[in-house]
Amino acid sequence: MMLEVSGVKKAFDGKEILKGIDLQVEKGDVVAILGPSGSGKTTFLRCLNFLERADGGRLVFDGQSYDLHGASRKEIIRVRQKTAFVFQNYNLFLNKTVLQNVTLGLTSGSKIKKAEAHEIAVRSLERVGMADRLDSYPNQLSGGQQQRVAIARGLASDPEIIYFDEPTSALDPELIGEVLGVMRKLAGEGMTMLVVTHEMDFARTVSNKVVFMENGVIVESGPSQEFFENPKETRSKEFIRSILGSR
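The following refers to the structure shown.

## Focus on the packing of helix H5 (residues 143–156) against helix H6 (residues 173–188)
And step 1. Their axes nearest at 8 Å, the elements H5 and H6 cross at an angle of 20°. Judged on the interaxial angle alone, H6 and H5 are roughly parallel. Between H5 and H6 lies a crossing of right-handed hand. Two secondary-structure elements touch here, H5 through Gly143, Gly144, Gln145, Gln147, Arg148, Ile151 and Leu155 and H6 through Leu175, Glu178, Val179, Val182, Met183 and Leu186.

Quick look at the structure:
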């Protein structure tokens, strides 16, 4: 088991957002996290990478156990060195080039020498089809291109798992395909991914597991094909029907 979380809880201003989430992820899994807005999907993902401090819960990652509420700064750094997070809105530095956006974390965070960081960054940008825009700035790129740079930045750290938080939600419809294409490629290469998404085709055809959340709990989870073809829970059936229509 690569990653196992149990009892993840989080509240904001006294309102419970996560009510005790459990999840297991094997190496190579592509897990699609689905559910209506406000169900706690993004909060859950952020808690796993300590972008939000959970109120309770445990994380077992690569054989090491962490208290999601009480983890030390050193422990958080250890987890983040093995993970990458791709945000909805890219989070690129607007005053830095594509190449600089990817190398910055390597030279400042991982203390990799500049020449080596350059090589790693170029390879990562090649993987997402952006090696021809090394000297461009984010405002010279489309949203899809910016998101591909953000994915390259994550890949550059050689993560064991990548968290994607609705990576296509800020994109115009015609740009969504290019980002999903990169994610399909990564899945085919065996990258372990947790993906909060509203892209049902991706969830159905690329992910091998689905987690359906609502009101801070997991309503149903299981193999993707089984979830879409034969959901067990009434709420899951309603969700699929509302998204995909009657079949």
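## Description of the layout of surface pockets
Unfilled space is identified by rolling a water-sized probe across the atoms.
And step 1. There is about 870 Å³ of room inside the largest pocket.
And step 2. Taken together, the elements giving at least two residues each to the lining of the largest pocket come down to helix H2 (73–80), strand S6 (83–86), helix H3 (98–109) and H5.
And step 3. At 7 residues, H3 tops the list of elements feeding residues into the lining of the largest pocket.
And step 4. Residues of the lining of the largest pocket, tallied by class, amount to 13 nonpolar, 10 polar and 3 charged.
And step 5. Of the volumes computed, that of the second largest pocket is approximately 220 Å³.
And step 6. Looking at the lining of the second largest pocket, the elements with two or more residues in it are H3 and helix H4 (114–127).
And step 7. Sorting elements by how many residues they give to the lining of the second largest pocket places H3 first, with 5 residues.
And step 8. Broken down by class, the residue content of the lining of the second largest pocket amounts to 4 nonpolar, 5 polar and 2 charged.

## A closer look at H6
And step 1. With 16 residues, H6 extends 23 Å between its outermost C-alpha atoms, agreeing within 8% with the 22 Å of an ideal straight helix rising 1.5 Å per residue.
And step 2. Looking only at H6, the buried set comprises Leu175, Ile176, Val179, Leu180, Val182, Met183, Leu186 and Ala187. Relative to the axis of H6, the buried residues are bounded by an arc of 150° and lie together on one face. Structural note: H6 exposes Glu174 and Gly188 on the side pointing more than 90 degrees away from its buried face.
And step 3. Looking at the buried residues of H6, the elements they touch are strand S3 (30–34), H4, H5, strand S7 (161–165), strand S8 (192–196) and helix H7 (200–205).
And step 4. Looking one or two residues beyond H6, the residue adopting positive phi is Gly190, at roughly 95°.

## Focus: the sheet that holds S7
And step 1. Spatially, 6 strands are ordered S6-S7-S8-S3-S9-S10 in an open sheet, and the strand pairing comes out mixed. With one partner strand each, in any of the chains shown, S6 and strand S10 (217–223) form the two edges of the open sheet. Averaged over all neighbouring strand pairs, the angle between strand axes comes to 15°, with direction disregarded.
And step 2. Direction of pairing for S3 relative to strand S9 (residues 209–214): parallel, over a ladder of 4 bridges. Each bridged residue has a counterpart across the sheet, and for Ala32 the counterpart in S9 is Val210.
And step 3. Of the strands in this sheet, S6 and S7 are in contact with H5, which crosses S6 at around 170°.

The rules behind each value
- Residues numbered from 1 in each chain as written.
- Predicted model: local features only at pLDDT ≥ 70, side-chain atom pairs only at ≥ 80, totals over all residues.
- Heavy atoms only, no water.
- Axes fitted to C-alpha atoms, helices over the stretch in contact; angles between N-to-C directions.
- Helix = DSSP H or I, 4+ residues; strand = E, 2+ residues; numbered from the N terminus.
- Parallel < 35°, antiparallel > 145°, perpendicular 65-115°, else oblique.
- Left-handed = near helix turned anticlockwise from the far one by under 90°.
- Contact = heavy atoms within 4.5 Å.
- 1 Å grid on protein atoms, 1.4 Å probe; cavity = no way out; pocket = protein on both sides within 12 Å on 5 of 7 lines; lining within 4 Å.
- Points joined across faces, edges and corners; volume = space filled by probe spheres on them.
- Nonpolar A, V, L, I, M, F, W, Y, C, P; charged D, E, K, R; others polar.
- Expected span 1.5 Å × (residues − 1).
- Buried < 20%, exposed > 50% of the residue type's maximum accessible area, 1.4 Å probe, protein only.
- Arc of directions from axis to C-beta.
- Pairing = 2+ DSSP bridges.

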